[in-house]
Amino acid sequence: MIRKLNNKGMTAVEILVTFVIIIVIVVSMYNGILDLKNKETISSYKLSLVTYNNLLTKDIQDDLIKIGLSTVQTSALDGNSGYRITMALKDGTKRILEIKQIFGCSAVDSSDVSTLCTPYNIPENRSDEFSISYGPEGDLTEYPLPDLGHEEINNSSGGTRTIYSLRINAVEVSTANQVFSLHIIMSHPDLGDRYSIDIVSPINYT
């Protein structure tokens, strides 16, 4: 007796179920790869910040420790755009630390301009600008903040402007108890404000 072969093939329901299973697997793999890539990006951001912090801190602390700090004066940069810290060293030379901290409104939504920009007289077309410079008086070296992600936004005039994710959120300077203390708080959407640049040195220590 010869059996009949089942030549029906896959039904529409079976094909649909198989298709759905494949989609679920592909989406799960994509999300896993995307999550891994995000973790690698965050790790590289952290490494860049630590490297930047170590480089700047070492250059400043070397001068303050090896030569010694006599006096410290803090003033505002032109237009209240940041801080200028003048450090007189024990060998008679000076070191200048400039921290530029300009908050702009070019990345602010138009609906928020009246509350976030207008009360503080911040022009709508001004971009954020953050930088740190250090060195002997008249010969400063700029230490550009590392690029930890940025966004290109089209201007109404047809050009583009770059909005960087890393910013200098706050600067705290103190000379209390004959100790110079500088705390520069960095801010980033993915890292928060957990990272900072900290400089500490006794003043006129003998």
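Since the model is a prediction, treat every value here as computed from it, not as a measurement.

Draft legend 1. Local environment of the sheet that holds strand β5 (residues 141-143). With antiparallel pairing, the five strands of this open sheet are ordered in space as β1-β2-β3-β4-β5. Lying at the two open borders of the sheet, with one neighbouring strand each, are β1 (69-76) and β5. Neighbour to neighbour, the strand axes of the sheet diverge by 20 degrees on average, direction disregarded. Pairing geometry for strand β3 (residues 94-102) and strand β4 (residues 129-136), over eight bridges, is antiparallel. For isoleucine 96, the partnering residue across the bridge sits in β4 and is glycine 135. Relative to the sheet, helix α1 (residues 12-66) contacts β1, β2 (82-89), β3, β4 and β5, its axis offset from that of β4 by approximately 30 degrees.

Draft legend 2. Quick peek at the side chain of glutamine 61. Its location among the elements puts glutamine 61 in helix α1. A relative accessible area of 14% means that glutamine 61 is categorised as buried. Reaching out from glutamine 61, the side chain makes a polar contact with the backbone nitrogen of valine 200 at a distance of 3.2 Å. In contact with glutamine 61, other than residues within four places in its own chain, are Lys66, Asp198, Ile199 and Val200.

Draft legend 3. Up close: the environment of phenylalanine 180. Relative to the helices and strands, phenylalanine 180 resides in strand β9 (residues 179-187). Phenylalanine 180 gets classed as buried once you look at its relative accessible area, which sits at 1%. Spatially, the C-alpha atom of phenylalanine 180 lies 5.2 Å from that of serine 201, the residues being 21 residues apart in sequence. If we ignore the near neighbours within four places in the chain, the residues touching phenylalanine 180 are Leu64, Leu69, Val72, Ile85, Met87, Val173, Ser174, Thr175, Ile199, Val200, Ser201 and Ile203.

Draft legend 4. Examining a nonpolar patch on the surface more closely. Residues Leu16, Phe19, Val20, Ile23, Val24 and Val27 make up a contiguous nonpolar surface patch of about 530 Å² in total accessible area. Positionally, valine 24 belongs in helix α1. By relative accessible area, which is 48% here, valine 24 ends up partly exposed.

Rules and cut-offs
Residues numbered from 1 in each chain as written. Predicted model: local features only at pLDDT ≥ 70, side-chain atom pairs only at ≥ 80, totals over all residues. Heavy atoms only, no water. Pairing = 2+ DSSP bridges. Helix = DSSP H or I, 4+ residues; strand = E, 2+ residues; numbered from the N terminus. Axes fitted to C-alpha atoms, helices over the stretch in contact; angles between N-to-C directions. Contact = heavy atoms within 4.5 Å. Buried < 20%, exposed > 50% of the residue type's maximum accessible area, 1.4 Å probe, protein only. Polar contact = N/O pair within 3.5 Å; in protein donor to acceptor, adjacent residues only side chain to side chain. Patch = residues over 30% accessible without salt bridge, like charges linked within 9 Å, V, L, I, M, F, W, Y side chains within 5 Å. Areas by Shrake-Rupley, 256 points an atom, 1.4 Å probe, with all protein chains shown as cover. Salt bridge = Lys/Arg side-chain N within 4 Å of Asp/Glu carboxyl O.

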